[in-house]
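Structural description and commentary
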Amino acid sequence: MRYFTIYRLVIFFIVFLFLTNTIAQQTCSMKLSKDTPQQRGIINGQILFAPINYWMTYLIDNSGSVTHTWESAFLPGESVRWLGDNRILRSIKTEVHGYGGVGGGVQIVQWDGTVEWDYRCDTNGDLSHHDVYMLPNGNVLMIAWETKTRGQTIAAGRNPSSFLGDTFFPDQILEIEPTGPSSGDIVWEWHVWDHLIQDYDPTKANYGVVEQHPELIDINYGNNPVLDDWMHTNSLDYNEKFDQIMISVHNFDEIWVIDHSTTTEEAIGHTGGNSGKGGDILYRWGNPLAYHAGTAADKKFFSQHDATWIDKGCPGAGNILVFNNGDNRPTGAISSIDEITPPVDENGFYYREPGSAFGPSSLSWCYFADPPESFYSGVFSGAERLPDGNTLICDGVDGKFFEVTPDGSMIWQYINPYPGPNLNGVFKIVYIPPEQPPEPDIPDLDCTGSLSWTDVKPGATVTDVFQLQNIGDNESLLNWTINTSLLSWGTWIFEPASGTQLTPEAGTIDIQVVVTAPDVANSGFEGYIRVENTNDPLDFEIIPVFLTTPNPVDNEWRPHILRNILEYLSQFSVFLQQLFL
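Predicted model, so just to flag it, every value in this text is computed and none were measured.

1. Let's talk about the packing of aromatic side chains
The geometry of an aromatic ring pair is captured by two quantities: the separation of the ring centres and the angle between the planes. Enumeration according to the criterion identifies 30 aromatic pairs in this entry. Judged by centre distance (5.0 Å) and plane angle (70 degrees), the rings of Phe-49 and Phe-401 are edge-to-face. Of this pair, Phe-49 sits in strand β1 (residues 46-49) while Phe-401 is found in strand β26 (residues 400-404), placing the two residues 352 residues apart along the sequence. An aromatic cluster is built from Phe-49, Tyr-58, Phe-401, Trp-412, Tyr-414 and Tyr-418, whose rings are joined through pairwise contacts. Cation over ring: Arg-385 sits above Trp-365, and NZ or CZ is 5.1 Å from the ring centre.

Now the structure itself:
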């Protein structure tokens, strides 16, 4: 599979983002006061998340305190799920290039960090991306691109002038049964390629009347020239009651529901399964223009993410909740959380008035900020209904998690500080009720402070300090050390660099930091210091580090040049995020 390499562009963009924020102070952790009124609204559960720019997965409580972490050799690719038995299901990024949401594999990780299952989907033209889900039978669903050649795509009826390149990436859904530590069998699969229609060329395959077949996918939807990633499916969910799968198809501005009760052979065709419709679309909503049942004015979703059925036991159970990002929304750059009640009966059959778009015609509930334009996350993000009727929201771009009541009042908020400024984005979050996780880890080690230097002369030495303390019980004795394996630049000295038998009564101690900057001008450097409890590998703190060296141009011109660059990047950043995720 051929991908457009964007790694260097991403690094370039990140370096300049660092320059805009290196003067900001970043603490090791962000903990909210348990005494604030905002804290009393949230259920006493925990939240699981994996920052998109970091190798760590976090579990936090409602005060913002980190209660558990899982370290990985891979960035997330992109989602992480709680399995309910002290394990997580984590998608991983085996590729460092490609389109946004690129993955390549999935892992089951135990509480102590042991990787129980490590499966790859990044060969033979297939590449998993965005989301994974474990079924009740222990099998794992994943979204994956498959590769079609330009010739195959044109033969299927695609207008050759409306896509670029030599390959085309329609999506597929794969169900994997784990068979060993790194092996698995594909026991069920569904391919978009088996359910196409087109009205462009009567001499090619799949020719028909699009508006008469809402159960099929118009291969020519999106007539503007597109790159390989035609659909950009970004989430999946499973309805056990109906044995159905729902996916969020970003580039169609729609959600689709398909029948999982089919065999793989039935999923290829148009009959079979509980629905009797094989692998055809059972229900779709958000953009009737995609199946010629409306106009652009009828569009409801705008680059949406995280489409989920509301869980049993929560208000609105069975309804569908979607993070509507609002990209290209006619009323402006505004995000919302939209809830719809699908027209489905007790047997899982969806009603549609012949010749009309699928209902409903209006939302059951929605959340807009006040004012609406104050809330906009143009890419990724998610939302989840809580058992008490409140809704937990992840503003993914800003790394902000917050809870709102049914009337839209915000009663809790947390800003993710990991791994650092402008790198704290989160694909989605998972709420875990208090009865599911084990008791939170009680750490002994705690750090405060930050390390950030700007305009450091190449090769010069700079200093700073951060604080360390034992926050364990009165009988605890903390043995600690500093791990610099996450730093690949500079010469570092810490005083002290380790310690033994630190008591809580000793209070905070200062750690003096001396670093000699690389002898490179006009550059930005970043990394992380890991301070570890030597008696407990799960008890550690991460301190982000930032350093920049100046441009050798005259100082009086430098601010003007930097200002122009940053103004350009601020206009370009949203475009880059949409491209990558």
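2. Let's talk about unusual backbone geometry
Note the cis peptide between Gly-77 and Glu-78, where omega equals 10 degrees. In this fold, Glu-78 is placed in strand β4 (residues 76-82). Note that the residue after Asp-370, namely Pro-371, is joined by a cis bond; omega there is 0 degrees. Along the chain, Pro-371 turns up in the loop between β23 (365-367) and β24 (382-385). If you check the backbone angles, Asn-206 has positive phi at about 70 degrees while not being a glycine. In this structure, Asn-206 sits in the loop between β14 (196-197) and β15 (217-218). Note on Asn-206: relative accessible area 28%, which makes it partly exposed. Positive phi, normally seen in glycine, also occurs at Ser-381, with a value near 90 degrees.

3. A few points about the environment of Val-109
Tracing the backbone shows Val-109 in strand β6 (residues 104-109). For Val-109, a relative accessible area of 4% gives the class buried. As for Val-109 and Arg-90, which are separated by 19 residues in sequence, their C-alpha atoms are 7.4 Å apart. Residues in contact with Val-109, not counting those within four places in the same chain, are Trp-70, Asn-86, Arg-87, Ile-88, Thr-114 and Val-115.

What counts, and where the lines are drawn
- Residues numbered from 1 in each chain as written.
- Predicted model: local features only at pLDDT ≥ 70, side-chain atom pairs only at ≥ 80, totals over all residues.
- Heavy atoms only, no water.
- Phe/Tyr/Trp six-rings, centres within 6.5 Å; stacked < 30°, edge-to-face > 60°.
- Helix = DSSP H or I, 4+ residues; strand = E, 2+ residues; numbered from the N terminus.
- Lys NZ or Arg CZ within 6 Å of the ring centre and 35° of its normal.
- Buried < 20%, exposed > 50% of the residue type's maximum accessible area, 1.4 Å probe, protein only.
- Contact = heavy atoms within 4.5 Å.

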